[in-house]
Amino acid sequence: MRTNGKFKDALKEMMEQMSLDQINVTSLCQKCKVHRQTFYYHYRNIYDLIGEIFLDERIPDLDRAKDPKNAILKLVGYAKNHFAFLKATYGSSAHDIADSFVLSKMMTKFLEIAVLPEQGGLNKKEARILARRMGSIVEDEFRFVFRDLDVTPLRFEKRMRKFANLANDKLYPALVAMAKEEHD
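Let me begin by describing the structure that accompanies this report. (Residues numbered from 1 in each chain as written. Predicted model: local features only at pLDDT ≥ 70, side-chain atom pairs only at ≥ 80, totals over all residues. Heavy atoms only, no water.)

Regarding the overall build of the chain
Alright, step 1. Each helix and strand counted, the chain has nine helices and zero strands in total.
Alright, step 2. In the chain, the succession of α and β elements from N to C terminus is α-α-α-α-α-α-α-α-α.
Alright, step 3. In terms of principal-axis extent, the alpha carbons of the chain reach across some 60 × 35 × 25 Å.
Alright, step 4. Split into buried and exposed, the 184 residues of the chain put 42% on the buried side.
Alright, step 5. Across the chain, the fraction of contacts at a sequence separation of at least 24, relative to all contacts at a separation of at least 6, is 68%.
Alright, step 6. For the chain, the exposed surface amounts to about 10,100 Å²; the carbon and sulfur share of it is 50%.
Alright, step 7. Counting 31 positive and 26 negative side-chain charges, the chain places the averaged centre of each group 2 Å from the other. (Helix = DSSP H or I, 4+ residues; strand = E, 2+ residues; numbered from the N terminus. Buried < 20%, exposed > 50% of the residue type's maximum accessible area, 1.4 Å probe, protein only. Contact = heavy atoms within 4.5 Å. Areas by Shrake-Rupley, 256 points an atom, 1.4 Å probe, with all protein chains shown as cover. Lys, Arg positive; Asp, Glu negative; His and termini not counted. Charge placed at Lys NZ, Arg CZ, Asp CG, Glu CD.)

Shown next, in the form of structure tokens:
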């Protein structure tokens, strides 16, 4: 395995057992059995490593989602599989990196969905308006749920499934109408 991969895997594993604030470069390097200079050859700091982890992350089957509910549920499935890593990231000063990841993935997907005839058939300008708003709302809800100190994977899934249903049935149609209205 390449050194970058070792650092990523080791950091994720360590974040399952402790907060990010308890992890330092020395302990990470000891876990990877490499010298500290090797870490600094690849990264400026641990936050740089977290940023690279999120750059490489993929949400399984997100490309197959054809409506807002399924897009959000794909994100929820990803989050359940990476719960400890996300919880530790949201509980640290690196929360903005996780926010950017969620916002980017959701905006891109909602932009794709919004132009589908069965999902509003918006033109590009209207779709960008909707994608920005919908992505921001999902990112905000995602952060809100993860910042709850008592959240468990089960509670997270339950709250986000409820949100996905409401977003699909009420929020998305309202944002489609707003985007069309504003564009006129």
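With respect to unusual backbone geometry
Alright, step 1. For K33, which is not glycine, the phi torsion reads 60° and is therefore positive.
Alright, step 2. Checked against the element boundaries, K33 lands in the loop between α2 (25-32) and α3 (36-42).
Alright, step 3. For D61, which is not glycine, the phi torsion reads 65° and is therefore positive.
Alright, step 4. Relative to the assigned elements, D61 resides in the loop between α4 (46-56) and α5 (68-81).

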